[in-house]
Amino acid sequence: MAVSGKRVLEVESESATALFRVLSSETRVLILSLVSHNAMNVAELTAALNLPHSTVSLNIKQLAQAGLLQVEYVPGTHGTQKLVSKRYDEVLVKLPGVAVEAAANVAEIRMPVGNYRHVEAVANCGLASDRRYIGMIDDPRSFFEPDHVFAQILWFRSGFVEYAFPNNVPFGSRLTRLELSAELCSEAPSYDLDWPSDITLWIDDLEIGTWTSPADFGGVATRLTPPWWNIDQSTYGLLKSWSVTDQGSFIDGERLSDVNVGQLDTPGRTHFRVRLGVKADAVNVGGLNLFGRKFGNHPQDLLMRLHYGFPGGERAATLR
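Cut-offs used in this document
Residues numbered from 1 in each chain as written. Predicted model: local features only at pLDDT ≥ 70, side-chain atom pairs only at ≥ 80, totals over all residues. Heavy atoms only, no water. Buried < 20%, exposed > 50% of the residue type's maximum accessible area, 1.4 Å probe, protein only. Helix = DSSP H or I, 4+ residues; strand = E, 2+ residues; numbered from the N terminus. Arc of directions from axis to C-beta. Polar contact = N/O pair within 3.5 Å; in protein donor to acceptor, adjacent residues only side chain to side chain. pLDDT = per-residue confidence, 0-100. Contact = heavy atoms within 4.5 Å. Phe/Tyr/Trp six-rings, centres within 6.5 Å; stacked < 30°, edge-to-face > 60°. Salt bridge = Lys/Arg side-chain N within 4 Å of Asp/Glu carboxyl O. Axes fitted to C-alpha atoms, helices over the stretch in contact; angles between N-to-C directions. Parallel < 35°, antiparallel > 145°, perpendicular 65-115°, else oblique. Nonpolar A, V, L, I, M, F, W, Y, C, P; charged D, E, K, R; others polar.

Turning our eyes to something else, we now look at helix α2 (residues 26-34). Within the span of α2, buried status applies to Arg28, Ile31 and Leu32. Buried residues along α2 cover an arc of 100° about the axis, so they all sit on one side. Backbone nitrogen of Thr27 and a side-chain oxygen of the N-cap are separated by 3.3 Å at the start of α2; the cap is Ser25.

A word on the confidence of the model for the protein. For the protein, mean pLDDT is 88; residues scoring 70 or higher make up 89% of the total. Taken together, the stretch residues 1-5 has pLDDT below 50 and engages in 12 contacts with residues farther than four places along the chain or on a different chain. Ignoring residues within four places in sequence, the model shows residues 314-320, a span with pLDDT below 50, making 20 contacts including any to other chains.

This paragraph deals with the packing of aromatic side chains. For the coordinates displayed, the defined rule picks out 9 aromatic pairs. Pairing Tyr116 with Phe143 gives two aromatic rings, centres 6.4 Å apart and planes at 50°, and the pair type is tilted. Residue Tyr116 is located in the loop between β7 (106-111) and β8 (118-128), and its partner Phe143 is located in the loop between β8 and β9 (153-166); the two are separated by 27 residues in the primary sequence. Assigned by exposure class, Tyr116 and Phe143 land together as buried. Their ring planes at 85° and their centres at 5.4 Å tell us that Trp228 and Trp229 sit as a pair that is edge-to-face. With relative accessibility at 6%, the residue Trp229 sits in the buried group. By way of ring pairs, the aromatic residues Tyr133, Trp155, Trp228, Trp229 and Phe295 are connected into one cluster.

The next thing to look at is the pattern of salt bridges. Within this structure, the stated rule accounts for 16 salt bridges. Close ionic contact of Arg141 with Asp139 constitutes a salt bridge, the shortest N to O distance being 2.9 Å. Taking relative accessible area as the criterion, Arg141 reaches 64% and is therefore assigned exposed. A relative accessible area of 16% means that Asp139 is categorised as buried. Salt bridges here are not isolated pairs; linked through shared partners, they connect Arg117, Glu162, Asp205, Arg273 and Arg275.

Their axes nearest at 10 Å, the elements α2 and helix α4 (residues 53-65) cross at an angle of 75°. In this view, α2 runs roughly perpendicular relative to α4, as classed from their interaxial angle. Judged by residue contacts, Thr27, Arg28, Ile31 and Leu32 of α2 engage Val56, Asn59, Ile60, Gln62 and Leu63 from α4. Looking at the contact of α2 with α4 residue by residue, the class counts come to 5 nonpolar, 3 polar and 1 charged.

The next subject is unusual backbone geometry. The residue after Ala123, namely Asn124, is reached through a cis peptide bond having omega 10°. The phi angle at Asn50 is positive, at roughly 55°, despite the residue not being glycine. By secondary structure assignment, the location of Asn50 is in the loop between α3 (42-49) and α4. Despite not being glycine, Asp252 has its phi angle at roughly 50°, a positive value. Its location among the elements puts Asp252 in the loop between β16 (248-251) and β17 (254-257).

Below, the structure written as structure tokens:
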């Protein structure tokens, strides 16, 4: 059975750890090399590698569990034989961090919820990837675990989480509108469909405004709920969209404050400090759940759009 065509395996950086461990063996790399173009049975591989049958079988099993080998059982001259072939030609590893895209006069930045630069969390609190909890539940120290960059959900009763979004507006242009969207809700013990929380957005030291989340939504599995997650907890939020314009600041079109985009368009700016949190003295101290692209109902990270224009319609290619 010939194997042809360029096939690429894409893996997230957290999943890549186990994959790299499998590829760290010279024997397993040799097996992948031997089956690059044609499938081979275990006897042929054993002879080519000059290793015991049990050793070759164990390495084949590890490669198959990592998804790198295809193992088929086909009729042979003396019963059934195990045929081994390579599933992929390349591995592409997606590193954690910020993804940046650009359209006409719009710079779009996607920020993973775990890629915060500062956090102050008061219990109930915690964070998790799409595979497991990170650190300990209700322990604010867990937010400083190195694995926090893999978080796909985080929550706290009060406090804040802060991100640094790069300023990708070109030199010579003027910021005309800033938009930020996120899936979020309140944070109650377990979940509570009547649990208001006053969630505030700041950009730099400017208070953009406060939105009152009506509930901590849970009790049902959503299309992005990981199989291991207990649905008797928060499982989804509401997708909210803030905008800062020449006329002021809004959430889903509803006015929040008089903060306007001109106050954010400062010369030489390298980034925007974006903070989401619940004030300790808020009327409704009902916490915050923040969902990433692998949790909740919406497959997106924090999303910022920077709209800009050029004086006289000119364009520039250099980013600030």
